[in-house]
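# Secondary and tertiary structure notes
Read off the chains here:
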Amino acid sequence: MKRSSSHPTTTSAASSANNNFIGLSLIAAILFLYTFGLIESVWHLPTPNHRSRSWLRKLTKRQGNVSFAGNINIAKSGLLDVNEKEGGTDDVDEEDEEEQLNKGPIPEAQWPVSIRDEDGNFEEVIHPGHKAKGHPDVLMMLPRFWINDPVSIHQNTLMSRDLAMKIGSCINPDEHGTKARGDDCPLSQRTVYVAIASYRDWQCRDTVTSIFSRAKHPERVRVGVVDQIVEGEDGPCDAPYKPCSEDPEQTLCKYKSQLDVFQVDAPLSIGPVFARHIGHRMYRGEYYYMQSDAHVTFTRNWDEDIISQQESTKNEMAVLSTYLTDIDGSIDKNGDSLRDTRPIMCNTDYEEGQDNRYLRHGSQPEAQPTIHGTPQLQPYWAAGYSFSRGHFVVNVPYDFYQPVSL
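Residues numbered from 1 in each chain as written. Predicted model: local features only at pLDDT ≥ 70, side-chain atom pairs only at ≥ 80, totals over all residues. Heavy atoms only, no water.

### Digging into helix α7 (residues 204-213)
Cut-off, in case you're wondering: For every residue, the accessible area obtained with a 1.4 Å probe (protein chains only) is divided by the maximum for its type, and the residue is called buried under 20%, exposed over 50%, and partly exposed between those limits. Secondary structure follows DSSP: runs of H or I at least 4 residues long count as helices, runs of E at least 2 residues long count as strands, and numbering of each begins at the N terminus. Any two residues whose heavy atoms approach within 4.5 Å are treated as being in contact.
With seven of 10 residues buried, α7 is to be regarded as a mostly interior element. Taken together, the buried positions of α7 are Cys 204, Arg 205, Thr 207, Val 208, Ser 210, Ile 211 and Phe 212. Tucked inside the fold, the buried residues of α7 contact β5 (192-199), β6 (221-229), α8 (251-254), β7 (259-265) and α10 (302-312).

Structure below.
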């Protein structure tokens, strides 16, 4: 009886040990998956204050699973393609980077200005749609924001007028050499930054041409284009129809120093939000900010007209926006507008997309305005055309993780 009773005791102990092993294995597996998920989440977080990840640079030098996008470059900039120089702009010393970030909350206003002068000051940004597109991890070299930490400026509150007056460059400095002159800057000398996101748009160069050729003061205008094209198939936005050596009087040749084009390989495009995010990165403290589609024809003296409308609001935070009128029957041969009607966005409904539904704003038929002397309030904002003070970019820059087609 004793001998026979010892067998179940041994079997029971072995079964218990086996169960403990299985339990510990399951716990280890769960902890591993949890840790892996946490690392993945942290890996894909946006970089705080837009600072580059030095640890990521070191990691990618050891591992070959992250590569630069070879077709991403700045057209006509003279900067090396990221594959031509190992590490791109990674050779910037971290202490120099820290010193640059701590120079002050609002950079000194400059004019003229161009991102072509910022070789060595770009930062690595992981392409936000790389996994969704099914291609390997891609690092893009992008211009830094003019202000690295917008929250340090506005402190999550409405920007005061005194602070707003410190943002915005003037063509000519005051007696102290300062180009951030606020209200003291004459209207004709207040700079304008025009941001254009273009996706394989053959009209882009014509849009830029009309911006400069029909401005009353083209010397105060700077255009930044995010040009998403297939090289060899699409004409770059900054390429004139004839070489500048043959016809230097072409608008794109005369104002090439005021045109920054950031060229992106079209297959890496993931919608206008990311492209316009890059456009915001190209802002450099201009007095006014304008966002436009890449297929727009401007009227004569457009800059004087829109600035007059902006200033008539007597509101530092006012943003002018509209769905632009069809060009047919709208502009005469001299470039003057033939219309004095006012479109208003006031009808919104959900429109079917590829995988979801999104809001689509309609507009009432254009008619004579009942309010004169000032822009009319409307409930919505249009990404195809927007005009405001330059601190708009500082206060509400585009978030490239925002999955909305704005």
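### As for the packing of aromatic side chains
Two descriptors summarise a pair of aromatic rings, namely the distance from one centre to the other and the angle between the planes of the rings. The line we're drawing: Centres within 6.5 Å are what make two rings of Phe, Tyr or Trp a pair, Trp counting through its six-membered ring; a difference in plane orientation under 30 degrees is then read as stacked, over 60 as edge-to-face, and the rest as tilted. Two limits define a charge over a ring: the Lys NZ or Arg CZ must be within 6 Å of the ring centre, and within 35 degrees of the ring normal.
Tallied over the entire structure, the rule returns nine aromatic pairs. Arranged with centres 5.7 Å apart and planes meeting at 85°, the rings of Trp 146 and Tyr 283 form a pair that is edge-to-face. Here the residue Trp 146 occupies a position in the loop between β4 (137-143) and α5 (151-154), and Tyr 283 occupies one in the loop between α9 (272-281) and β8 (288-292), the gap between them amounting to 137 residues. A centroid spacing of 6.1 Å and a plane angle of 25° characterise the contact between Tyr 193 and Tyr 289, whose relative ring orientation is stacked. Here Tyr 193 is found in strand β5, whereas its partner Tyr 289 is found in strand β8, with 96 residues between them in sequence. In this structure, Tyr 193 and Tyr 289 share a single accessibility class: buried. Positioned above the aromatic ring of Tyr 241, the side-chain terminus of Arg 205 is 4.7 Å from the ring centre. Across from the ring centre of Tyr 287, 4.0 Å away, lies the NZ or CZ of Arg 389, which sits over that ring.

### Things to note about the state of the cysteines
Which entries qualify depends on this criterion: Note on terminology: disulfide denotes any pair of cysteine sulfur atoms within 2.5 Å.
Evaluation of the coordinates by the stated rule reveals three disulfides. Each disulfide pairs two cysteine sulfurs, and for Cys 204 the partner residue is Cys 237, the sulfurs being separated by 2.0 Å. In this structure the cystine formed by Cys 204 and Cys 237 twists about its S-S bond by roughly -80°; its chirality is therefore left-handed. With Cys 204 in helix α7 and Cys 237 in the loop between β6 and α8, this pair connects stretches of sequence that are 33 residues apart. Classification of Cys 204 by relative accessible area gives buried; the value is 1%. On the basis of relative accessible area, Cys 237 is assigned to the buried category, the value being 1%. What pairs with Cys 244 in a disulfide is Cys 253, and their sulfur atoms sit 2.1 Å apart. Disulfide Cys 244-Cys 253: the torsion about the S-S bond is -90°, which places it as left-handed. A relative accessible area of 24% means that Cys 244 is categorised as partly exposed. Overall, Cys 253 belongs to the buried group, its relative accessible area being 8%. Cysteines bonded in the protein are numbered consecutively along the chain; their disulfide partners then correspond to 1-2, 3-4, 5-6.

### Section: the side chain of Arg 116
Stated formally: Pairs of N or O atoms within 3.5 Å make up the polar contacts considered here, provided that, within protein, one atom can donate a hydrogen while the other can accept it, and that residues adjacent in sequence are counted only when both atoms are side-chain atoms.
Considering the arrangement of structural elements, one finds Arg 116 in the loop between α3 (94-101) and β3 (122-126). Engagement of the side chain of Arg 116 in a polar contact is seen with the side chain of Asp 260, the distance being 2.8 Å.

### A word on the side chain of Asn 121
Relative to the elements of secondary structure, Asn 121 occurs in the loop between α3 and β3. Residue classification places Asn 121 among the buried residues on the basis of a relative accessible area of 17%.

### Section: the nonpolar core
Stated precisely, the cut-off is as follows: Think of a nonpolar core as a cluster: buried Ala, Val, Leu, Ile, Met, Phe, Trp, Tyr and Cys residues, connected wherever their side-chain atoms sit within 4.5 Å.
Ranked by internal contacts, the top residues of the largest apolar core, which has 30 residues, are Met 140, Leu 142, Phe 262, Ile 278, Met 282, Tyr 283 and Val 394. For this core, the secondary-structure elements that each account for two or more residues are β3, β4, β5, β7, α9 and α11 (391-395). Ignoring anything within four residues of it in the chain, the contact list for Ile 278 reads Met 140, Leu 142, Val 226 and Phe 262. One finds Ile 196, Ile 211, Val 296 and Ile 306 within the second-largest nonpolar core, a separate group that totals 29 residues.

### As for the pairing of β5
The condition that has to hold: Only strands joined by at least two bridges in the DSSP assignment are considered to pair. Handedness is read with the strands pointing away from the viewer; a crossover is right-handed when the path from the first strand over the helix to the second is clockwise.
Of all the eight residues making up β5, seven are buried; the element is thus mostly covered by neighbouring parts of the structure. Pairing geometry for β5 and β6, over eight bridges, is parallel. What sits directly across from Tyr 193, in β6, is Arg 222. In this fold, the crossover linking β5 to β6 by way of α7 has right-handed handedness. Two strands pair when backbone bridges link them, and β5 and β8 are joined in this way by five bridges, in the parallel orientation. Looking at β8, one finds that Val 194 is bridged to Met 290.

### Observations regarding α9
Most of α9 is tucked away, with nine of its 10 residues classed as buried. Of the residues making up α9, those classed as buried are Val 273, Phe 274, Ala 275, Arg 276, His 277, Ile 278, Gly 279, His 280 and Arg 281.

### A few points about the pattern of salt bridges
Under the convention used in this document: Salt bridges are defined by distance alone: a side-chain nitrogen of Lys or Arg within 4 Å of a carboxyl oxygen of Asp or Glu.
Under the counting rule described, the total for this entry stands at 16 salt bridges. Linking Arg 161 and Glu 316 is a salt bridge whose minimum nitrogen-to-oxygen distance equals 3.1 Å. One end of the pair, Arg 161, is in helix α6 (residues 161-164); the other, Glu 316, is in the loop between α10 and β9 (319-321), with 155 residues separating them in the sequence. For Glu 316, a relative accessible area of 15% translates into the label buried. Among the salt bridges present, the one from Glu 311 reaches Arg 190, with a minimum N-O distance of 3.4 Å. Of this pair, Glu 311 sits in helix α10 while Arg 190 sits in the loop between α6 and β5; the two residues are 121 residues apart in sequence, bridging distant segments of the chain. Owing to a relative accessible area of 5%, Arg 190 belongs among the buried residues under this scheme. Put simply, Arg 116, Arg 222, Asp 260 and Glu 286 are held in one network by salt bridges that share partners.

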